[in-house]
Amino acid sequence: MPKPQFRSRSYRKIHIRTPSGESTLHFERRKNKLAHCAMCGNPLNAVKTNKIYSFSLSEKRPEGPFGGYLCHKCLENLIKLSVRGIS
């Protein structure tokens, strides 16, 4: 039976065949996917996704308006439309 920390789904199981011919089970952390803009779907550069448990709270998510949700181009267009009064 694996260690208790490896029993969660946050670790993925990898079947490895050793040089002796024996098949063993290795565990490694799953890699997160990139964050994407909600309007255009482009990847967001400021959002860290992997090894997020090692960052402080201010590093985990951007502090700007719609940070981590919209890219800068979509946010710019949204602000322009709201200033012009177009919904």
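Keep in mind that this is a model prediction, so the values were computed, not measured.

A. Inspection of the environment of asparagine 32 at higher detail. Among the structural elements, asparagine 32 can be located in the loop between strand 2 (23–29) and helix 1 (57–60). The class for asparagine 32 is partly exposed, based on a relative accessible area of 43%. Residues asparagine 32 and threonine 18 lie 14 residues apart in sequence; the distance between their C-alpha atoms is 28 Å. In this structure asparagine 32 touches Thr49 and Asn50, once residues within four positions along its chain are discounted.

B. Up close: the pattern of salt bridges. For the structure on display, the rule yields two salt bridges. Between glutamate 28 and arginine 12 there is a salt bridge, with its nearest N and O atoms 2.7 Å apart. On the criterion of sequence distance, the pair formed by glutamate 28 in strand 2 and arginine 12 in strand 1 (residues 11–17) is long-range, its members being 16 residues apart. Judged by relative accessible area, glutamate 28 falls into the partly exposed class, the value being 27%. Exposure remark for arginine 12: the relative accessible area of 38% places this residue in the partly exposed category. Of the charged contacts in the structure, one is a salt bridge between lysine 80 and glutamate 76, with a shortest N-O distance of 3.3 Å. Within this pair, lysine 80 and its partner glutamate 76 are both found in helix 2 (residues 72–84), separated by four residues, close to a single helical turn. On the basis of relative accessible area, glutamate 76 is assigned to the partly exposed category, the value being 41%.

C. The arrangement of the environment of glutamate 22 in detail. Structurally, glutamate 22 can be placed in the loop between strand 1 and strand 2. Each C-alpha atom of the pair glutamate 22 and isoleucine 86 lies 66 Å from the other, and the pair is 64 residues apart in sequence. Discounting chain neighbours no more than four positions away, the residues touching glutamate 22 are Ile16 and Arg17.

D. Representation of the nonpolar core. Counting seven residues, the largest nonpolar core consists of Ala35, Cys37, Leu44, Val47, Leu70, Cys71 and Cys74. Non-local contacts of cysteine 71, meaning those with residues more than four positions away in its chain, are made with Cys37, Cys40 and Leu44.

E. Looking closely at a nonpolar patch on the surface. On the surface, a cluster of nonpolar side chains totalling about 420 Å² of accessible area is made up of Met39, Phe66, Tyr69 and Leu78. Secondary-structure assignment places phenylalanine 66 in the loop between helix 1 and helix 2.

F. Highlighting unusual backbone geometry. Positive phi, normally seen in glycine, also occurs at phenylalanine 66, with a value near 55°. Overall, the relative accessible area of 43% leaves phenylalanine 66 in the partly exposed class.

Scoring rules and cut-offs
- The written sequence of each chain sets the order in which its residues are numbered from 1.
- Residue-level local features of this predicted model are given only where pLDDT is at least 70; pairs of side-chain atoms are given and counted only at 80 or more, and the full residue set underlies all totals for whole chains, interfaces and linings.
- Hydrogens and water molecules were not included; the side-chain quantities draw on all heavy atoms of the structure.
- A run of H or I in DSSP counts as a helix once it spans at least four residues, and a run of E counts as a strand once it spans at least two, with each numbered from the N terminus.
- Each residue is placed in one exposure class: buried if its accessible area under a 1.4 Å probe, protein chains only, is under 20% of its type's maximum, exposed if it is over 50%, and partly exposed if it falls in between.
- By definition in these notes, contact holds between two residues if any of their heavy atoms fall within 4.5 Å.
- Counted as salt bridges are all cases of a side-chain nitrogen of Lys or Arg within 4 Å of a carboxyl oxygen of Asp or Glu.
- As used here, the term nonpolar core means buried Ala, Val, Leu, Ile, Met, Phe, Trp, Tyr and Cys residues forming a set that is joined through side-chain atoms within 4.5 Å.
- In this analysis, a patch consists of residues with relative accessible area above 30% that form no salt bridge, clustered at 9 Å for like charges and at 5 Å for the nonpolar side chains Val, Leu, Ile, Met, Phe, Trp and Tyr.
- The accessible surface values rely on the Shrake-Rupley method and a 1.4 Å probe; as for residues, cover is taken only from the protein chains in view.

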